[in-house]
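What follows is the residue order along each chain.
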Amino acid sequence: MKTLIKEIDINEPDKGLIDVFAAMLADGKTVIFPTETVYGLGANALDEDAAAKIYQAKGRPSDNPLLVHVADKKDVYDLVENIDGRAKLLMEKFWPGPLTIVFKKKDIIPDRTSGGLDTVAIRMPSDPVARQLIRRAGVPIAAPSANISGRPSPTKPDHIIRDMDGRVDGILVGGPCNYGVESTIVDLSSGIAMVLRPGSVTLEMLKEVLGQVELDPSLKNKDDNIKAKAPGMKYKHYSPQAQVYIVKANDLDDFAQKVDALCLENEKKKLRTGVMTRSSDGHTYRAIRFDLGESDADLAKNLFDVLIGLDRESVDIAYVPYFEEKGLGVAIMNRLKKAAAYRII
Ligand code: TXA
Ligand code: MG
(Lines give C-alpha, C1' and ligand atoms only; values in the text may rest on other atoms or scores of the structure.)
(Ligands and ions follow the chains in the order given, each with its own letter.)
Protein backbone atom coordinates (compact mmCIF):
# COMPACT_ATOMS: atom_id res chain seq x y z
CA MET A 1 0.00 0.00 0.00
CA LYS A 2 1.18 3.54 -0.70
CA THR A 3 1.74 5.44 2.55
CA LEU A 4 1.22 9.19 2.71
CA ILE A 5 4.11 10.53 4.82
CA LYS A 6 4.13 14.19 5.95
CA GLU A 7 6.15 16.05 8.52
CA ILE A 8 4.37 18.42 10.88
CA ASP A 9 5.88 21.32 12.82
CA ILE A 10 5.05 20.40 16.42
CA ASN A 11 5.36 24.00 17.61
CA GLU A 12 2.99 25.40 15.00
CA PRO A 13 0.98 22.45 13.67
CA ASP A 14 -0.47 23.11 10.20
CA LYS A 15 -4.26 22.78 10.59
CA GLY A 16 -4.71 21.89 6.92
CA LEU A 17 -2.29 19.00 7.24
CA ILE A 18 -4.02 17.73 10.39
CA ASP A 19 -7.33 17.85 8.51
CA VAL A 20 -5.95 15.66 5.71
CA PHE A 21 -4.98 12.92 8.18
CA ALA A 22 -8.13 13.40 10.30
CA ALA A 23 -10.24 12.83 7.15
CA MET A 24 -8.31 9.60 6.49
CA LEU A 25 -9.12 8.39 10.03
CA ALA A 26 -12.79 9.36 9.66
CA ASP A 27 -12.77 7.38 6.41
CA GLY A 28 -11.67 4.14 8.13
CA LYS A 29 -7.98 4.39 7.21
CA THR A 30 -4.90 3.84 9.40
CA VAL A 31 -2.66 6.74 10.43
CA ILE A 32 0.48 6.76 12.58
CA PHE A 33 0.76 9.88 14.74
CA PRO A 34 2.97 11.21 17.54
CA THR A 35 1.88 11.20 21.19
CA GLU A 36 3.76 12.31 24.31
CA THR A 37 4.55 8.66 25.18
CA VAL A 38 5.27 6.73 21.95
CA TYR A 39 3.97 6.91 18.38
CA GLY A 40 0.49 5.39 17.94
CA LEU A 41 -0.98 3.45 15.01
CA GLY A 42 -4.51 4.82 14.88
CA ALA A 43 -7.88 4.00 13.34
CA ASN A 44 -11.54 4.71 14.15
CA ALA A 45 -12.21 2.81 17.42
CA LEU A 46 -15.93 2.47 16.61
CA ASP A 47 -15.39 0.89 13.19
CA GLU A 48 -14.65 -2.88 13.29
CA ASP A 49 -13.10 -2.94 9.84
CA ALA A 50 -10.83 -0.01 10.63
CA ALA A 51 -9.76 -1.64 13.92
CA ALA A 52 -9.02 -4.87 12.04
CA LYS A 53 -6.53 -2.98 9.86
CA ILE A 54 -4.49 -2.10 12.97
CA TYR A 55 -4.06 -5.77 13.89
CA GLN A 56 -3.01 -6.53 10.35
CA ALA A 57 -0.47 -3.69 10.12
CA LYS A 58 1.16 -4.64 13.42
CA GLY A 59 0.87 -8.41 13.11
CA ARG A 60 -0.84 -8.24 16.49
CA PRO A 61 -2.70 -11.20 18.08
CA SER A 62 -6.43 -10.46 17.86
CA ASP A 63 -7.10 -11.16 21.55
CA ASN A 64 -4.94 -8.18 22.51
CA PRO A 65 -7.32 -5.22 23.00
CA LEU A 66 -6.64 -1.76 21.58
CA LEU A 67 -6.24 1.34 23.67
CA VAL A 68 -8.72 4.12 22.83
CA HIS A 69 -7.73 7.80 22.65
CA VAL A 70 -10.12 10.73 23.14
CA ALA A 71 -9.62 14.46 22.57
CA ASP A 72 -11.70 15.67 25.53
CA LYS A 73 -12.70 14.31 28.93
CA LYS A 74 -16.41 14.59 28.09
CA ASP A 75 -15.97 12.15 25.19
CA VAL A 76 -15.44 9.26 27.64
CA TYR A 77 -19.04 9.39 28.81
CA ASP A 78 -20.27 8.03 25.46
CA LEU A 79 -17.93 5.06 25.62
CA VAL A 80 -18.11 3.66 29.16
CA GLU A 81 -20.78 2.49 31.61
CA ASN A 82 -19.72 4.18 34.79
CA ILE A 83 -17.22 6.87 35.75
CA ASP A 84 -16.79 6.57 39.50
CA GLY A 85 -15.28 9.09 41.92
CA ARG A 86 -11.80 7.61 41.62
CA ALA A 87 -11.85 7.82 37.82
CA LYS A 88 -12.96 11.43 38.04
CA LEU A 89 -10.09 12.24 40.41
CA LEU A 90 -7.56 10.58 38.09
CA MET A 91 -8.96 12.30 34.98
CA GLU A 92 -8.86 15.64 36.78
CA LYS A 93 -5.29 15.20 37.96
CA PHE A 94 -3.58 13.35 35.09
CA TRP A 95 -5.53 14.06 31.88
CA PRO A 96 -4.45 15.08 29.39
CA GLY A 97 -1.33 12.95 29.90
CA PRO A 98 0.29 9.51 30.03
CA LEU A 99 -2.37 7.69 32.08
CA THR A 100 -4.76 5.07 30.67
CA ILE A 101 -7.83 4.03 32.67
CA VAL A 102 -9.67 0.71 32.19
CA PHE A 103 -13.47 1.10 32.43
CA LYS A 104 -16.50 -1.16 31.87
CA LYS A 105 -17.35 -0.51 28.22
CA LYS A 106 -20.59 0.43 26.51
CA ASP A 107 -21.81 -1.65 23.53
CA ILE A 108 -20.75 1.11 21.13
CA ILE A 109 -17.16 -0.20 21.48
CA PRO A 110 -16.95 -3.14 19.09
CA ASP A 111 -15.40 -6.49 20.08
CA ARG A 112 -12.61 -5.95 17.57
CA THR A 113 -11.47 -2.92 19.57
CA SER A 114 -11.91 -4.43 23.04
CA GLY A 115 -10.44 -7.81 22.06
CA GLY A 116 -13.70 -9.41 23.23
CA LEU A 117 -13.40 -8.02 26.80
CA ASP A 118 -16.26 -6.17 28.51
CA THR A 119 -13.83 -3.38 29.45
CA VAL A 120 -12.06 -0.68 27.45
CA ALA A 121 -8.78 1.14 28.12
CA ILE A 122 -8.97 4.90 27.45
CA ARG A 123 -6.58 7.81 27.58
CA MET A 124 -6.54 11.48 26.62
CA PRO A 125 -3.09 12.37 25.24
CA SER A 126 -1.45 15.69 26.03
CA ASP A 127 0.40 15.94 22.71
CA PRO A 128 -1.27 18.83 20.85
CA VAL A 129 -0.93 17.20 17.40
CA ALA A 130 -2.52 13.98 18.70
CA ARG A 131 -5.38 15.84 20.35
CA GLN A 132 -6.15 18.05 17.34
CA LEU A 133 -6.03 15.05 15.05
CA ILE A 134 -8.50 13.08 17.21
CA ARG A 135 -10.79 16.09 17.63
CA ARG A 136 -10.86 16.79 13.88
CA ALA A 137 -11.45 13.09 13.07
CA GLY A 138 -14.58 13.39 15.24
CA VAL A 139 -14.34 9.80 16.53
CA PRO A 140 -12.40 8.08 19.32
CA ILE A 141 -9.14 6.67 17.95
CA ALA A 142 -7.89 3.19 18.77
CA ALA A 143 -4.10 3.28 18.74
CA PRO A 144 -1.59 0.78 20.00
CA SER A 145 2.09 1.62 19.87
CA ALA A 146 3.15 1.85 16.20
CA ASN A 147 5.69 -1.00 16.27
CA ILE A 148 5.51 -4.40 14.63
CA SER A 149 4.14 -6.64 17.39
CA GLY A 150 6.88 -7.72 19.83
CA ARG A 151 9.40 -5.02 18.85
CA PRO A 152 10.32 -1.92 20.89
CA SER A 153 7.77 0.92 20.72
CA PRO A 154 8.77 3.72 18.33
CA THR A 155 9.70 7.04 19.92
CA LYS A 156 11.45 8.72 16.99
CA PRO A 157 10.42 9.32 13.37
CA ASP A 158 13.08 7.08 11.81
CA HIS A 159 11.86 4.08 13.87
CA ILE A 160 8.47 4.25 12.21
CA ILE A 161 9.42 5.05 8.67
CA ARG A 162 11.77 2.05 8.58
CA ASP A 163 9.20 -0.43 9.91
CA MET A 164 5.84 0.91 8.81
CA ASP A 165 6.18 2.57 5.40
CA GLY A 166 3.85 0.56 3.14
CA ARG A 167 1.89 -1.04 6.02
CA VAL A 168 -0.40 1.92 6.89
CA ASP A 169 -2.31 4.59 4.94
CA GLY A 170 -0.61 7.58 6.53
CA ILE A 171 2.25 8.64 8.78
CA LEU A 172 2.19 12.04 10.45
CA VAL A 173 5.77 12.68 11.47
CA GLY A 174 6.36 14.87 14.53
CA GLY A 175 9.34 15.09 16.87
CA PRO A 176 10.77 12.58 19.32
CA CYS A 177 8.28 11.55 22.03
CA ASN A 178 8.68 13.34 25.35
CA TYR A 179 8.18 10.51 27.85
CA GLY A 180 9.41 7.58 25.76
CA VAL A 181 7.63 4.78 27.66
CA GLU A 182 3.99 3.90 27.08
CA SER A 183 1.27 5.23 29.38
CA THR A 184 0.60 3.87 32.85
CA ILE A 185 -2.48 1.62 32.75
CA VAL A 186 -4.70 1.57 35.82
CA ASP A 187 -7.71 -0.74 36.09
CA LEU A 188 -10.71 0.57 38.03
CA SER A 189 -13.17 -1.91 36.58
CA SER A 190 -13.12 -4.23 39.58
CA GLY A 191 -12.39 -3.46 43.23
CA ILE A 192 -9.03 -1.99 44.18
CA ALA A 193 -7.29 0.23 41.65
CA MET A 194 -4.59 -1.87 40.00
CA VAL A 195 -1.66 -0.81 37.84
CA LEU A 196 -1.49 -3.20 34.88
CA ARG A 197 1.45 -1.45 33.21
CA PRO A 198 3.82 0.98 34.97
CA GLY A 199 4.59 4.25 33.20
CA SER A 200 5.44 7.90 33.74
CA VAL A 201 2.50 8.42 36.10
CA THR A 202 4.12 6.48 38.93
CA LEU A 203 2.62 4.29 41.65
CA GLU A 204 3.59 6.98 44.17
CA MET A 205 1.71 9.64 42.17
CA LEU A 206 -1.39 7.43 41.93
CA LYS A 207 -1.30 6.64 45.65
CA GLU A 208 -1.26 10.32 46.46
CA VAL A 209 -4.58 10.74 44.65
CA LEU A 210 -6.33 7.41 45.36
CA GLY A 211 -4.80 6.22 48.62
CA GLN A 212 -4.92 2.53 47.81
CA VAL A 213 -3.33 1.25 44.58
CA GLU A 214 -1.76 -2.13 43.82
CA LEU A 215 0.67 -3.35 41.20
CA ASP A 216 -0.61 -6.29 39.10
CA PRO A 217 1.12 -9.30 40.78
CA SER A 218 2.21 -10.63 37.37
CA LEU A 219 4.53 -7.58 37.08
CA LYS A 220 6.53 -8.47 40.15
CA ASN A 221 8.17 -11.57 38.72
CA LYS A 222 8.33 -13.59 35.56
CA ASP A 223 6.21 -16.43 36.87
CA ASP A 224 4.22 -17.45 33.81
CA ASN A 225 1.54 -19.00 36.00
CA ILE A 226 0.36 -15.59 37.11
CA LYS A 227 -1.81 -14.27 34.30
CA ALA A 228 -1.19 -10.65 33.31
CA LYS A 229 -4.38 -8.61 33.52
CA ALA A 230 -3.41 -6.46 30.52
CA PRO A 231 -3.41 -9.07 27.76
CA GLY A 232 -0.56 -7.34 25.92
CA MET A 233 1.77 -7.65 28.90
CA LYS A 234 1.96 -11.42 28.50
CA TYR A 235 3.57 -11.32 25.07
CA LYS A 236 7.27 -11.26 24.34
CA HIS A 237 8.00 -7.59 24.03
CA TYR A 238 10.55 -4.89 23.35
CA SER A 239 12.95 -7.52 22.16
CA PRO A 240 15.98 -6.51 20.11
CA GLN A 241 17.96 -9.16 18.19
CA ALA A 242 20.82 -8.70 20.67
CA GLN A 243 20.85 -10.71 23.91
CA VAL A 244 20.44 -8.14 26.64
CA TYR A 245 21.76 -8.79 30.17
CA ILE A 246 20.85 -6.68 33.21
CA VAL A 247 23.84 -6.46 35.55
CA LYS A 248 23.30 -6.10 39.30
CA ALA A 249 26.07 -3.93 40.75
CA ASN A 250 26.65 -1.70 43.79
CA ASP A 251 27.42 1.37 41.68
CA LEU A 252 28.68 2.35 38.23
CA ASP A 253 32.31 1.47 39.11
CA ASP A 254 31.27 -2.00 40.19
CA PHE A 255 29.17 -2.29 36.99
CA ALA A 256 32.19 -1.27 34.87
CA GLN A 257 34.39 -3.87 36.55
CA LYS A 258 31.89 -6.67 36.01
CA VAL A 259 31.20 -5.66 32.42
CA ASP A 260 34.91 -5.32 31.55
CA ALA A 261 35.46 -9.00 32.28
CA LEU A 262 32.47 -9.95 30.13
CA CYS A 263 33.58 -7.70 27.26
CA LEU A 264 36.95 -9.43 27.21
CA GLU A 265 35.35 -12.87 27.01
CA ASN A 266 33.05 -11.70 24.20
CA GLU A 267 35.99 -10.27 22.30
CA LYS A 268 37.63 -13.70 22.29
CA LYS A 269 34.42 -15.18 20.93
CA LYS A 270 34.32 -12.42 18.29
CA LEU A 271 30.94 -11.17 19.53
CA ARG A 272 29.91 -7.57 19.06
CA THR A 273 29.24 -6.19 22.52
CA GLY A 274 27.15 -3.17 23.50
CA VAL A 275 26.99 -1.34 26.83
CA MET A 276 23.97 0.81 27.69
CA THR A 277 24.81 3.16 30.54
CA ARG A 278 24.27 6.57 32.10
CA SER A 279 26.10 9.63 30.70
CA SER A 280 27.97 10.05 33.99
CA ASP A 281 29.62 6.64 33.57
CA GLY A 282 33.17 7.81 32.75
CA HIS A 283 34.51 4.31 32.06
CA THR A 284 35.83 3.39 28.60
CA TYR A 285 34.41 0.01 27.59
CA ARG A 286 35.83 -2.42 25.02
CA ALA A 287 32.36 -2.30 23.44
CA ILE A 288 29.97 -0.05 21.54
CA ARG A 289 28.61 2.44 24.04
CA PHE A 290 24.94 3.52 24.08
CA ASP A 291 24.19 6.58 26.17
CA LEU A 292 20.91 6.47 28.12
CA GLY A 293 21.25 10.00 29.51
CA GLU A 294 21.34 10.79 33.20
CA SER A 295 18.00 11.35 34.96
CA ASP A 296 15.26 8.73 35.16
CA ALA A 297 13.27 10.85 32.69
CA ASP A 298 16.24 10.63 30.27
CA LEU A 299 16.45 6.87 30.69
CA ALA A 300 12.75 6.48 29.91
CA LYS A 301 12.92 8.82 26.95
CA ASN A 302 15.98 7.16 25.39
CA LEU A 303 15.33 3.52 26.27
CA PHE A 304 13.52 2.31 23.13
CA ASP A 305 15.78 4.32 20.84
CA VAL A 306 18.80 2.65 22.43
CA LEU A 307 17.23 -0.83 22.17
CA ILE A 308 16.49 -0.20 18.49
CA GLY A 309 20.06 1.12 18.16
CA LEU A 310 21.47 -2.25 19.29
CA ASP A 311 20.02 -3.82 16.17
CA ARG A 312 21.15 -0.95 13.96
CA GLU A 313 24.71 -1.62 15.16
CA SER A 314 24.28 -5.42 14.82
CA VAL A 315 25.17 -5.94 18.47
CA ASP A 316 25.21 -9.60 19.58
CA ILE A 317 25.23 -9.12 23.33
CA ALA A 318 24.55 -6.05 25.48
CA TYR A 319 24.77 -5.05 29.14
CA VAL A 320 22.81 -2.51 31.17
CA PRO A 321 22.84 -1.69 34.89
CA TYR A 322 19.93 -2.78 37.13
CA PHE A 323 18.35 0.62 37.86
CA GLU A 324 16.56 1.33 41.12
CA GLU A 325 12.88 0.32 40.98
CA LYS A 326 11.45 3.46 42.50
CA GLY A 327 9.26 6.11 40.84
CA LEU A 328 9.82 6.03 37.08
CA GLY A 329 12.43 3.31 37.68
CA VAL A 330 9.59 0.76 37.96
CA ALA A 331 8.50 1.43 34.35
CA ILE A 332 12.10 1.50 33.09
CA MET A 333 12.97 -1.85 34.68
CA ASN A 334 9.67 -3.39 33.52
CA ARG A 335 10.58 -2.65 29.88
CA LEU A 336 14.24 -3.60 30.36
CA LYS A 337 13.45 -6.96 31.97
CA LYS A 338 11.24 -7.85 29.02
CA ALA A 339 13.89 -6.69 26.55
CA ALA A 340 16.39 -8.86 28.43
CA ALA A 341 13.96 -11.81 28.58
CA TYR A 342 14.64 -11.62 32.36
CA ARG A 343 18.37 -12.36 32.00
CA ILE A 344 19.70 -10.77 35.20
CA ILE A 345 23.27 -11.45 36.31
O1 TXA B 1 1.23 5.33 25.69
C2 TXA B 1 0.47 4.49 25.22
O3 TXA B 1 -0.37 3.91 25.92
C4 TXA B 1 0.58 4.15 23.73
C5 TXA B 1 0.23 5.43 22.95
C6 TXA B 1 0.17 5.21 21.46
O7 TXA B 1 -0.96 5.96 23.43
N8 TXA B 1 -0.26 3.06 23.37
C9 TXA B 1 0.02 1.77 23.73
O10 TXA B 1 -0.88 0.84 23.23
O11 TXA B 1 0.98 1.46 24.37
P12 TXA B 1 -0.56 -0.72 23.21
O13 TXA B 1 -1.72 -1.33 22.52
O14 TXA B 1 0.76 -0.97 22.64
O15 TXA B 1 -0.65 -1.15 24.69
C16 TXA B 1 -1.90 -1.17 25.34
C17 TXA B 1 -1.89 -2.20 26.44
C18 TXA B 1 -1.79 -3.63 25.93
O19 TXA B 1 -0.91 -4.33 26.80
C20 TXA B 1 -3.22 -4.15 26.07
O21 TXA B 1 -3.26 -5.52 26.29
C22 TXA B 1 -3.72 -3.36 27.26
O23 TXA B 1 -3.15 -2.10 27.10
N24 TXA B 1 -5.17 -3.19 27.27
C25 TXA B 1 -5.95 -2.62 26.32
N26 TXA B 1 -7.23 -2.70 26.65
C27 TXA B 1 -7.30 -3.30 27.86
C28 TXA B 1 -8.36 -3.67 28.75
N29 TXA B 1 -9.63 -3.44 28.46
N30 TXA B 1 -8.03 -4.29 29.91
C31 TXA B 1 -6.73 -4.54 30.21
N32 TXA B 1 -5.70 -4.21 29.42
C33 TXA B 1 -5.97 -3.61 28.26
MG1 MG C 1 2.65 -1.77 22.50
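What you see is a predicted model, and the numbers here were worked out from it, not measured in a lab.

A. Examining empty space enclosed by the protein more closely. Going through the model one piece at a time under the given rule, you end up with 1 cavity of 30 Å³ or more. Taken as a whole, the largest cavity encloses approximately 60 Å³ of empty space. Only α7 (203–210) and α10 (329–339) provide two or more residues apiece to the lining of the largest cavity. No other element matches the 3 residues that α7 contributes to the lining of the largest cavity. Each residue belonging to the lining of the largest cavity can be placed in one class, and the counts come to 8 nonpolar, 4 polar and 1 charged. Domain assignment of the residues forming the lining of the largest cavity places at least three in each of domain 1 (4–219) and domain 2 (243–339).

B. Layout of the layout of surface pockets. Space inside the largest pocket adds up to approximately 800 Å³. Looking at the lining of the largest pocket, the elements with two or more residues in it are β4 (67–69), α4 (111–114), β6 (119–123), β9 (184–187) and β10 (193–197). It is β6 that provides the largest number of residues to the lining of the largest pocket, a total of 4 residues. When the residues that make up the lining of the largest pocket are grouped by side-chain class, the tally is 20 nonpolar, 17 polar and 12 charged.

C. Broad picture of the packing of aromatic side chains. Applying the stated criterion across every chain yields a total of 2 aromatic pairs. Relative to Tyr319, the ring of Tyr245 lies with its centre 6.0 Å away and its plane at 35°, an arrangement referred to as tilted. Taken together, the residues Tyr245 in strand β12 (residues 243–247) and Tyr319 in strand β15 (residues 317–321) connect sequence positions 74 residues apart. Between Phe255 and Tyr285, the aromatic rings sit 6.2 Å apart at their centres with planes inclined by 65°, giving edge-to-face as the arrangement.

D. Local environment of the sheet that holds β9. Pairing is mixed in the open sheet, where 11 strands are placed in the order β1-β8-β2-β3-β7-β4-β6-β5-β9-β10-β11. A single partner strand is all that each edge strand has here, and the edge strands are β1 (4–7) and β11 (213–215). In the sheet, strand β3 (residues 40–44) pairs with strand β7 (residues 141–142) via 2 bridges, with the strands oriented antiparallel. Bridge assignment links Asn44 to a residue of β7, and that residue is Ile141. Each of β1, β2 (31–33), β3, β7 and β8 (170–173) touches helix α1 (residues 15–26); the most contacted strand, β1, lies at about 150° to it.

E. Geometry of helix α3 (residues 85–94). Among the residues of α3, Ala87, Leu90, Met91 and Phe94 are the ones counted as buried. All buried residues of α3 fall inside an arc of 100° around its axis, so they share one side. Turned more than 90 degrees from where α3 packs its buried face, Glu92 and Lys93 sit exposed. In this structure, the buried residues of α3 make contact with β5 (99–104), β9 and α7.

F. Representation of the pattern of salt bridges within the structure. Taken as a whole, this structure holds 16 salt bridges when the rule is applied. Note that Arg278 and Asp296 form a salt bridge whose closest N and O atoms lie 4.0 Å from each other. Taken together, the residues span a long stretch of sequence, with Arg278 in the loop between β13 (273–277) and β14 (288–291) and Asp296 in helix α9 (residues 296–312) at a distance of 18 residues.

G. Region of the structure containing the domain arrangement of the chain. Taken domain by domain, the chain holds domain 1 (4–219) and domain 2 (243–339). Distance between the C-alpha centres of domain 1 and domain 2: 29 Å. Counting residues at the interface gives 22 residues for domain 1, matched by 15 residues for domain 2. Note on domain 1 versus domain 2: buried area summed over both sides is about 1600 Å², and carbon and sulfur give 55% of it. Considering only the side of domain 1, the residues that lose the most area to domain 2 are Pro152, Val181 and Pro198, jointly responsible for 28% of the buried surface there. Along the contact surface separating domain 1 from domain 2 lie 4 salt bridges. Glu182 is paired through a salt bridge with Arg335; the nearest N and O atoms lie 2.8 Å apart. Linking domain 1 to domain 2 there are 7 residue pairs in polar contact (both at pLDDT 80 or more).

H. Representation of the packing of α3 against α7. Direction vectors running N to C along α3 and α7 enclose 125°, while the axes themselves pass 10 Å from each other. As the angle between them shows, α3 and α7 are arranged oblique. For the pair α3 and α7, the crossing hand works out as right-handed. Between α3, through Arg86, Leu89, Leu90, Lys93 and Phe94, and α7, the contact on the second element is made entirely by Met205, Leu206, Val209 and Leu210. Of the residues in the contact of α3 with α7, the class split is 7 nonpolar, no polar and 2 charged.

Calculation notes
- Residues numbered from 1 in each chain as written.
- Chains lettered and ligands numbered in written order.
- Predicted model: local features only at pLDDT ≥ 70, side-chain atom pairs only at ≥ 80, totals over all residues.
- Heavy atoms only, no water.
- 1 Å grid on protein atoms, 1.4 Å probe; cavity = no way out; pocket = protein on both sides within 12 Å on 5 of 7 lines; lining within 4 Å.
- Points joined across faces, edges and corners; volume = space filled by probe spheres on them.
- Helix = DSSP H or I, 4+ residues; strand = E, 2+ residues; numbered from the N terminus.
- Nonpolar A, V, L, I, M, F, W, Y, C, P; charged D, E, K, R; others polar.
- Domains from an automatic or database assignment.
- Phe/Tyr/Trp six-rings, centres within 6.5 Å; stacked < 30°, edge-to-face > 60°.
- Pairing = 2+ DSSP bridges.
- Contact = heavy atoms within 4.5 Å.
- Axes fitted to C-alpha atoms, helices over the stretch in contact; angles between N-to-C directions.
- Buried < 20%, exposed > 50% of the residue type's maximum accessible area, 1.4 Å probe, protein only.
- Arc of directions from axis to C-beta.
- Salt bridge = Lys/Arg side-chain N within 4 Å of Asp/Glu carboxyl O.
- Buried area = accessible area lost by both parts, 1.4 Å probe.
- Polar contact = N/O pair within 3.5 Å; in protein donor to acceptor, adjacent residues only side chain to side chain.
- Parallel < 35°, antiparallel > 145°, perpendicular 65-115°, else oblique.
- Left-handed = near helix turned anticlockwise from the far one by under 90°.

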